[in-house]
Amino acid sequence: MALESNERPDKPITKFESMLKTDDVYFFDAEDFEDIVHHYLNHGKISLAKKGIKIGLQQHPGSIELKLLQVEVMVFENQTEKAEALLDELQLLDHQNEEIYIQRANIYSKQDNHEGAVELLQRALSITTDSFDIYSLLGMEYLFMDNFKKAKESFMKCVEFDEQDYSSLYNVIYCFEFLEDYDGAIIYLNKYLENNPYCEVAWHQLGKQYFYKEMYAEALSAFDFAIISDDSFIGAYFEKGKVLEKLGRHKEAIENYETTISIEDPTSHAFLRIGKCYEKLKDTEMAKYYFYQTVHEDPLLDKGWLAITNLYFNIRDFEKAIYYINKALNIDGENPSYWKKCAQIHTALKNYDQADFAFKQTVDLGNYELDTWLKWADVVHSNGETMSAVQILSQGREFYPDSLKLLYKSVGYQLIAQDLINARITFMDALKLDKNQKKLHLFTDKFPEFGNSSWTKEIVNKYNKAS
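Residues numbered from 1 in each chain as written. Predicted model: local features only at pLDDT ≥ 70, side-chain atom pairs only at ≥ 80, totals over all residues. Heavy atoms only, no water.

Asker: Before we go on, may I ask you to explain the overall build of the protein chain in this structure?
Answerer: When its secondary structure is counted, the protein chain shows 28 helices and 0 strands. At 33 Å, the protein chain has a C-alpha radius of gyration far larger than the 23 Å of a compact globule built from 467 residues. With the principal axes as the frame, the protein chain shows a C-alpha extent of 110 × 50 × 45 Å. Looking at the protein chain as a whole, 46% of its 467 residues qualify as buried. A sequence separation of at least 24 residues applies to 48% of the contacts in the protein chain between residues at least 6 apart. Summing over all exposed atoms, the protein chain offers an accessible surface of approximately 24,800 Å²; the carbon and sulfur share of this is 48%. Within the protein chain, one finds 51 positive and 76 negative side-chain charges whose respective centroids are separated by 11 Å. (Helix = DSSP H or I, 4+ residues; strand = E, 2+ residues; numbered from the N terminus. Rg over C-alpha atoms; globule rule 2.2 N^0.38 Å. Buried < 20%, exposed > 50% of the residue type's maximum accessible area, 1.4 Å probe, protein only. Contact = heavy atoms within 4.5 Å. Areas by Shrake-Rupley, 256 points an atom, 1.4 Å probe, with all protein chains shown as cover. Lys, Arg positive; Asp, Glu negative; His and termini not counted. Charge placed at Lys NZ, Arg CZ, Asp CG, Glu CD.)

Listed below in structure tokens is the structure:
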């Protein structure tokens, strides 16, 4: 039996949940059921939302809005065929209901038909006066399509409707950043701040744009305004610390990072930044303390282990350095920078086999930096495999065909391997690039046993006469 209104609990949610616990049946307005279902959907309680829809349709079988909520649940549960069939029925009843087009767009989006979803959302826009949510959905569809210009315009519309919609504001700036239009972002944020001068989010984002453009004084001012607007805004203190680091004001940077720790639970990233600052201040013990705090806070933060590695490498404690770089590699074995550091440490320890392996991993994972080829070749030569060193330098020349460092080093190793014919050819190639022999010292200093030899003088003289 349905209860009278004076017997019902005051709030629809409380009343609904009370009803579910008893055999009583309460009567609700259709709008109440909509609120109940929205509440459960927003909190991810799908089963309760479905109960709300079921009971709601029993009491209000003609409610299009409840049926549209039923469609939303069907789409969420990937029951797209049922959802489309129900939408077809609803469209016959009300072809001017924008929610029908929005739900069809959701189906298209789940099927990766983002162009189709955009068309449907544009149709929904044409028949509604409440376009805020539609522009937000449009923005997301354009992001899926990598159309950042259109996405930006859509999210800007959302901010126009609600200046406190920080989610859309973040998305606008994300689009500017992806387009690398930092100047555009700065203009937009400054205009936004004219109407919202105490918006810490906008000041924070403005500071980040100035940081990208290396306008550190302006970035510092922006982060200060963010802190004035909200003195507990951790992100502003952290970003301000990064700016102060760039300006060489490491003690002040430490103060800002420590403020983030005092406001909220400490983070590994704050500890890491503090450690880096102490390292710059040449305070090795304090740097070491904070780097250890970093990995204690987050043992899986490979950058923490790398920081400890670099610290020990710089003080020439290579045994500890190799121990900690292996920690980083155990976490991220696909990082070529870690393998390169591993190779450098093994080189310092004269573990040439391990260094050779580490350099090979470095290159295999995509690090083709010039010094990688040069140092790898030196390691292989030191391991008694000079011709392999020549081959490595030859590989490097594919990436740096005009590198005199690679050419002159190749000449030296070819001479050591007594490959005189190829050494002569490579030497001539080097001289053609180094027309005035301004870089000849790269050969003579590295290989003094050949630098003043008659072989070298003869080729240089012949080249000079020919040119």
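Asker: Just to check I follow, could you spell out the environment of K11 for this structure?
Answerer: Relative to the helices and strands, K11 is located in the segment before α1 (12–20). Given the relative accessible area of 59%, K11 is considered exposed. The sequence separation of K11 and H114 amounts to 103 residues, and the corresponding C-alpha distance is 40 Å.

Asker: What should I look at first to understand the side chain of K340 in this one?
Answerer: Considering the arrangement of structural elements, one finds K340 in helix α20 (residues 336–348). The exposure class of K340 is buried, given its relative accessible area of 8%. Within the structure, K340 has its side chain in polar contact with the side chain of T372 (distance 3.0 Å). (Polar contact = N/O pair within 3.5 Å; in protein donor to acceptor, adjacent residues only side chain to side chain.)

Asker: Please explain the packing of helix α18 (residues 302–314) against helix α19 (residues 318–331) as it appears in this structure.
Answerer: Geometry of a packed helix pair, given as the angle between the helix axes and the separation of the axes. Look at α18 against α19: their axes get within 8 Å of each other, and the N-to-C directions meet at 165°. When the interaxial angle is binned, α18 and α19 end up roughly antiparallel. Here the hand of the crossing between α18 and α19 comes out left-handed. Contacts between α18 and α19 involve D302, W305, L306, I308, T309, Y312 and F313 from the first element and F318, K320, A321, Y324, I325, K327, A328 and I331 from the second. Classifying every residue of the contact of α18 with α19 by side-chain character gives 11 nonpolar, 1 polar and 3 charged. (Axes fitted to C-alpha atoms, helices over the stretch in contact; angles between N-to-C directions. Parallel < 35°, antiparallel > 145°, perpendicular 65-115°, else oblique. Left-handed = near helix turned anticlockwise from the far one by under 90°. Nonpolar A, V, L, I, M, F, W, Y, C, P; charged D, E, K, R; others polar.)

Asker: Please clarify how the packing of helix α9 (residues 148–161) against helix α10 (residues 166–178) should be interpreted in this entry.
Answerer: Look at α9 against α10: their axes get within 8 Å of each other, and the N-to-C directions meet at 155°. Between α9 and α10, the interaxial angle falls into the category roughly antiparallel. The crossing of α9 and α10 is left-handed. Contacts from F148, A151, K152, F155, M156, C158 and V159 of α9 reach α10 at S168, L169, N171, V172, Y174, C175, F176 and F178. When grouped by side-chain class, the residues that make up the contact of α9 with α10 number 12 nonpolar, 2 polar and 1 charged.

Asker: Can you help me understand the nonpolar core in this one?
Answerer: It is characteristic of soluble globular proteins that their nonpolar side chains tend to be buried jointly. Counting 117 residues, the largest nonpolar core has F427 and F443 as its most contacted members. Once residues within four sequence positions are removed from consideration, F443 is found in contact with Y408, V411, G412, L415, F427, F450, G451 and T456. With 17 residues, the next largest nonpolar core counts F28, I53, I55 and L69 among its residues. (Core = buried A, V, L, I, M, F, W, Y, C linked by side-chain atoms within 4.5 Å.)

Asker: So what exactly am I meant to see when it comes to helix α12 (residues 200–212) here?
Answerer: For an α-helix the count is 3.6 residues per turn, leaving residues at separations of three or four pointing the same way. With 13 residues, α12 extends 19 Å between its outermost C-alpha atoms, agreeing within 8% with the 18 Å of an ideal straight helix rising 1.5 Å per residue. Most of α12 is tucked away: 11 of the 13 residues are buried. Within α12 the residues assigned to the buried category are E200, V201, A202, W203, H204, Q205, L206, G207, Q209, Y210 and F211. Residues of α12 that are buried sit in contact with α10, α11 (182–195), α13 (216–229) and α14 (234–246). One or two steps after α12, the chain reaches E214, where phi turns positive at roughly 60°. (Expected span 1.5 Å × (residues − 1).)

Asker: Looking at this structure, I do not really get the pattern of salt bridges. What am I missing?
Answerer: Where charged atoms from two side chains of opposite charge approach closely, those side chains can pair. Taken as a whole and assessed by the stated rule, the structure comprises 14 salt bridges. The partner of E285 in a salt bridge is K288, and the shortest N-O contact between them spans 3.6 Å. One end of the pair is E285 and the other is K288, both in helix α17 (residues 284–297) and 3 residues apart, which spans about a single turn. Under the relative-accessibility criterion, E285 is labelled exposed at 53%. Among the residues examined, K288 registers a relative accessible area of 19% and is labelled buried. (Salt bridge = Lys/Arg side-chain N within 4 Å of Asp/Glu carboxyl O.)

Asker: What is the right way to look at helix α7 (residues 114–126) in this model?
Answerer: Over its 13 residues, α7 runs 18 Å from end to end, which matches the ideal 18 Å to within 8%, given 1.5 Å per residue. Those residues of α7 not exposed but buried are H114, G116, A117, V118, L120, L121, A124 and L125. At its buried positions, α7 is contacted by α6 (98–110) and α8 (132–144).

Asker: Looking at this model, I keep getting lost on the packing of aromatic side chains. Mind explaining?
Answerer: Two aromatic rings, taken as a pair, are described by how far apart their centres are and by the angle between their planes. For the structure on display, the rule yields 29 aromatic pairs. Ring geometry for Y312 against Y324: centres 5.8 Å apart, planes inclined by 5°, an arrangement best described as stacked. Here the residue Y312 occupies a position in helix α18, and Y324 occupies one in helix α19, the gap between them amounting to 12 residues. When its relative accessible area of 3% is taken as the criterion, Y312 is described as buried. Ring centres 4.9 Å apart and planes at 85° place the aromatic pair Y323 and Y324 in the edge-to-face group. Classification of Y324 by relative accessible area gives buried; the value is 11%. One aromatic cluster is present, formed by Y408, Y413, F427, F443, F447 and W455 through successive ring pairs. (Phe/Tyr/Trp six-rings, centres within 6.5 Å; stacked < 30°, edge-to-face > 60°.)

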